Amino acid sequence: MSQSTSRTIALNQLGYTPEAAKVAVFRGEGREFRVVEEESGTVVFSGRTDSPKQDLPSGASVHSGDFSAVTAPGRYRLESEDGGVSAVFSVSGKPYHDLQQGLLKAFYFYRCGVELTEAYAGPWAHKACHTAEGIVHGQPELRLDSCGGWHDAGDYGKYSGPGAKAVADLLLAYELYPSAFAAPIPIPESGQGMPDVLLECKVELDWLFKMQEASTGGVYHKLTTLSFPGLDVMPEDDMAELYFSPVSATATGNVAAVMALAARIYRAFDQAYADKCLEAAVQAWGWLESHPEAGGFTNPPEISTGEYGDGEVRDERYWAAAELLRTTGEEKYHRAFLELATLPFPKYELGWGDMGGYGTIAYLLRGEATADKETYGTLKAGLLTEADKLLRQSAEDGYGISLLEEDYIWGSNMVVMNRAMLLLAAEHFSGEEHYAVCALDHLHYLLGRNVLDISYVTGFGDRPVMHPHHRPSVGDGVDLPVPGLVAGGPDRGLHDDYVAQHLQGRPAAACFADHEDSYSTNEVTIYWNSPAVFVTARFNR
Ligand code: G3I
Ligand code: 9MR
Ligand code: ZN
């Protein structure tokens with residue numbers, strides 16, 4: 001090994017199971033590489049990388065080295081002949097167990113309205129926040145209980161639609177991979193009659209009930225202050241008035257869907273709670289039916305917090321119809337679903353605004369026996385076609401993921417994890433494991449096999465994000481950021497001043513700054529964590 005080493009070898013910094021395919025991505029010239037046992041310095045494997053290829057999104061010439069032959073549990077690093085080194089990683093039976101626990105624990109850290117005690121939050125404890133009533137926009141005399149739920153992100157807003165996506169990912173993860181949720185996280189409610197993941201989701205569901213307008217069933221779009229507080233303001237010091245933004249069709253559709261989904265999942269543990277969820281879903285559906293023309297949400301002029309505007313409102317209805325059908329079996333939801341299914345909106349996307357994929361997955365999970373055969377067949381084939389496209393794109397990518405240059409947008413790590421989720425849905429419906437192999441490649445990217453050799457999850461991996469745009473992490477005086485948070489990731493649009501000043505001309509996958517000012521690349525959100533929980537759970541079954 002030469003004296004001057006540089007970290008030009010990227011891999012999953014957490015490691016691999018003994019039987020997993022293990023492929024590192026190399027930059028630089030060295031073709032010969034070896035795997036060294038960390039403690040003893042023993043070379044346990046020598047190999048040669050494949051031929052270099054120019055990778056468009058990362059702007060780098062990359063080659064990959066396969067070391068799947070290393071199967072003995074231990075801690076290792078890779079070295080290449082030109083002085084390149086990798087992170088130290090492990091080969092072990094459960095390399096992603098702690099990661100899943102941490103990604104789930106993050107939701108506890110996002111909790112609003114309650115004190116985070118030292119027993120559960122360690123140095124990141126803080127007092128209860130946002131306990132005041134909120135003012136209903138347009139009705140200054142009306143104040144309602146707004147307490148609870150999870151903060152959305154690095155800001156303290158609480159947004160109904162994104163909250164519904166986050167809960168849906170967690171509930172679906174539990175539904176498909178229940179054995180991955182056996183261990184307590186732990187959280188204060190651990191042991192209270194259901195798995196921790198369901199106890200944690202109740203925090204958000206309980207808040208979502210409060211977001212539903214009692215008289216109409218419509219759901220307020222969000223609950224925020226008029227503008228964002230300063231970046232170092234702790235949640236309990238954010239004392240500005242809270243406002244319920246107007247009801248929106250997207251929030252109402254998403255909450256109808258997630259409440260119907262919750263009714264199904266919680267039924268086995270708590271009948272009364274399941275009934276309450278279903279009632280909320282039915283009320284929300286009623287609002288959708290009586291507002292067929294409702295369009296996308298835009299911020300009232302005096303409110304400048306996150307807009308989550310989304311002009312395509314049919315996919316939320318489609319998802320709601322699918323979940324209500326699956327939970328109740330009622331024909332009217334089937335009719336609504338089949339009608340919506342004929343309309344041209346994306347049916348395989350899982351974003352905070354594109355909910356079509358959730359509707360499709362719900363309809364397919366209900367099973368073929370009770371489905372409209374033609375619609376079922378079309379949706380299943382469509383989902384597999386989409387997954388096959390992701391497989392092809394991943395095979396061509398230097399780092400083995402499905403993102404094209406133009407996919408490195410604000411929150412690209414959500415795109416990475418959502419696509420892995422879709423691949424796992426394809427595995428579920430086809431029984432073909434190669435979709436899961438590709439999904440795992442997406443997880444490897446998130447944990448360090450990327451051109452920046454960074455783990456995008458705080459507190460995990462040997463080079464994790466350290467300075468997220470996350471107000472508690474900035475304001476709490478603790479050196480380390482709150483752990484378990486997924487950062488947004490590279491955004492080639494350079495959408496904030498910090499990256500616009502520092503990253504001009506960078507390739508798409510390198511448009512990321514681990515700086516607290518970069519909200520467009522280094523913020524964190526609940527709905528970037530949630531698909532990562534889903535994906536990780538698949539590999540912790
Ligand atoms: O969909 C288009 C795509 O077609 C186009 O090629 C691409 C080019 O940039 O843009 C894509 O749209 C982007 C959209 O996210 C995709 O979801 C927009 O440019 C981008 O500005 C937009 O960013 C959103 C951001 O708010 C600004 O509105 C993020 O998705 C969204 O996650 C983020 O959410 C914020 C909340 O408002 C406030 N709380 C924090 C949270 C995270 O930063
Ligand atoms: O902190 C805000 C972050 O949560 C949002 O995602 C982002 C985009 O809406 O805005 C951030 O707030 C910034 C504001 O938009 C502009 N001035 C600087 C703020 C960050 O301190
Ligand atoms: Zn709060």
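Residues numbered from 1 in each chain as written. Chains lettered and ligands numbered in written order. Predicted model: local features only at pLDDT ≥ 70, side-chain atom pairs only at ≥ 80, totals over all residues. Heavy atoms only, no water.

A.B. asks: Would you mind showing me how to read the coordination of the zinc ion (ligand 3) here?
C.D. replies: Each pair of donors in an ideal octahedron of six around a metal sits at 90 or 180 degrees, and each pair in an ideal tetrahedron of four sits at 109.5 degrees. Here the zinc ion (ligand 3) is held by C112 (SG), C129 (SG), H130 (ND1) and H151 (NE2), and the distances to it run 2.0 to 2.4 Å. Each of the four donor atoms bound to the zinc ion (ligand 3) contributes to angles spanning 101 to 114 degrees, and the resulting shape is tetrahedral. Within one chain, the residues serving as donors to the zinc ion (ligand 3) are arranged as C-x16-C-H-x20-H. Across the pair, exposure class does not vary: C129 and H130 are buried alike. (Donors = N, O, S within 2.8 Å, 3.2 Å for Na, K, Ca; no water. Tetrahedral: all angles 85-135°; square planar, octahedral: opposite > 155°, others 65-115°. Buried < 20%, exposed > 50% of the residue type's maximum accessible area, 1.4 Å probe, protein only.)

A.B. asks: Even after reading the chapter, I still don't get the sheet that holds strand β4 (residues 32–37), so can you show me in this structure?
C.D. replies: Across a sheet, strands are paired by hydrogen bonds formed along the backbone, either parallel or antiparallel in direction. In space, the five strands of this open sheet follow the order β2-β9-β8-β4-β5, with mixed pairing throughout. Of all strands in the sheet, those with a lone pairing partner are β2 (15–16) and β5 (43–48), marking the two edges. Pairing geometry for β4 and β5, over five bridges, is antiparallel. Considered in β5, the bridge of E32 is made with R48. (Pairing = 2+ DSSP bridges. Helix = DSSP H or I, 4+ residues; strand = E, 2+ residues; numbered from the N terminus.)

A.B. asks: I would appreciate a short explanation of the site of ligand 2 in the present structure.
C.D. replies: Ligand 2 sits among D155, F228, W410, H469, R471, Y519 and E523. Here an oxygen atom of ligand 2 sits 2.8 Å away from a polar atom, N or O, in the side chain of R471. E523 is positioned such that a nitrogen or oxygen atom in its side chain is 2.6 Å from an oxygen atom of ligand 2. Within the complex, 61% of the 450 Å² of free accessible area of ligand 2 lies under protein. Classifying every residue of the shell around ligand 2 by side-chain character gives three nonpolar, one polar and three charged. (Near = heavy atom within 4 Å. Polar contact = N/O pair within 3.5 Å; in protein donor to acceptor, adjacent residues only side chain to side chain. Areas by Shrake-Rupley, 256 points an atom, 1.4 Å probe, with all protein chains shown as cover. Nonpolar A, V, L, I, M, F, W, Y, C, P; charged D, E, K, R; others polar.)

A.B. asks: Please explain the domain arrangement of the chain as it appears in this structure.
C.D. replies: It is common to give the size of an interface as the accessible area lost on bringing the parts into contact. Segmenting the chain into domains produces domain 1 (9–91) and domain 2 (96–280 + 295–310). Here the C-alpha centroids of domain 1 and domain 2 sit 41 Å apart. (Domains from an automatic or database assignment.)

A.B. asks: How should the site of ligand 1 be read in this particular structure?
C.D. replies: D152, D155, W352, E523 and Y527 are the nearest of the 14 residues found near ligand 1. In the model, an oxygen atom of ligand 1 is placed 2.9 Å from a nitrogen or oxygen of the E523 side chain. Burial of ligand 1 by the surrounding chains reaches 59%, relative to a free accessible area of 770 Å². Its residues placed into classes, the shell around ligand 1 shows eight nonpolar, three polar and three charged.

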